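# Structural features, examined
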Amino acid sequence: MLEEIFNFWALFIYLVVLILLFYILLVDSKLLERKQKKLQYVKAGLFSVFAFSVVAKIISVYWLTKIFSSYYNILAYIVLAIGVLVLGFYNFLKNKTTSSKFLLITFLSLFGSDIFYVLYKYYTQNTLWLYLSCAVEIPCYYLLVRYFISRDNEKRLTIQ
């Protein structure tokens, strides 16, 4: 029981982080700069998606069967992860900046780590997959810090 509660909150926090990364990518991709009204609609849409996902998560955990709940978790994660990855590729191809390169490599590292963990958890219980998952995820945090530093430097250069 305690492990299920821990897994629920861990996945919830992970989904919130993916939503925040998606928002950062939207701002960095400059898709929203043309019209300020679009930015307000996107913010309202992101808030709506976040609120809907919280409500759906609570409903799926407390009122529906565990089978549906696990499918919802997987579906929510896949949709957000692929959305972030696609927007990361778009941002990199459009801007070709150092910060977008670091962010894309971060997402690829996270995606690779998740693939190795899925191989460990659902296909073979070989611990090599678990070690590879951890080894691939470790550079992700370094790359994310490099992304934020590069992003700040690029903003400073455009202001001057």
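Keep in mind it's a predicted model, so treat the numbers as computed, not measured.

### Thoughts on the packing of helix 4 (residues 98-123) against helix 5 (residues 127-159)
Two elements in contact, helix 4 and helix 5, have axes whose closest approach is 7 Å; the angle formed by their N-to-C orientations is 165 degrees. Regarding the angle of helix 4 to helix 5, the classification is roughly antiparallel. Our pair here, helix 4 against helix 5, has a crossing hand that is left-handed.

### A look at unusual backbone geometry
For residues other than glycine, phi is negative in most cases, and the peptide bonds are mostly trans. Even without being glycine, lysine 96 reaches a positive phi, approximately 50 degrees. Among the secondary structure elements, lysine 96 is positioned in the loop between helix 3 (66-95) and helix 4. When its relative accessible area of 59% is taken as the criterion, lysine 96 is described as exposed.

### A few points about the environment of leucine 144
Position of leucine 144 among the secondary structure elements: in helix 5. In this structure the C-alpha to C-alpha distance between leucine 144 and phenylalanine 102, which are 42 residues apart in sequence, comes to 6.9 Å. The contacts of leucine 144, once residues within four sequence positions are left out, are Leu21, Leu103 and Thr106.

### Topic: helix 5
Over its 33 residues, helix 5 runs 49 Å from end to end, which matches the ideal 48 Å to within 8%, given 1.5 Å per residue. Inspection of helix 5 places Ser133, Cys140, Leu143, Tyr147, Ser150 and Arg151 among the buried residues, and these make up the whole buried set.

What counts and how
- Residues numbered from 1 in each chain as written.
- Predicted model: local features only at pLDDT ≥ 70, side-chain atom pairs only at ≥ 80, totals over all residues.
- Heavy atoms only, no water.
- Axes fitted to C-alpha atoms, helices over the stretch in contact; angles between N-to-C directions.
- Helix = DSSP H or I, 4+ residues; strand = E, 2+ residues; numbered from the N terminus.
- Parallel < 35°, antiparallel > 145°, perpendicular 65-115°, else oblique.
- Left-handed = near helix turned anticlockwise from the far one by under 90°.
- Buried < 20%, exposed > 50% of the residue type's maximum accessible area, 1.4 Å probe, protein only.
- Contact = heavy atoms within 4.5 Å.
- Expected span 1.5 Å × (residues − 1).

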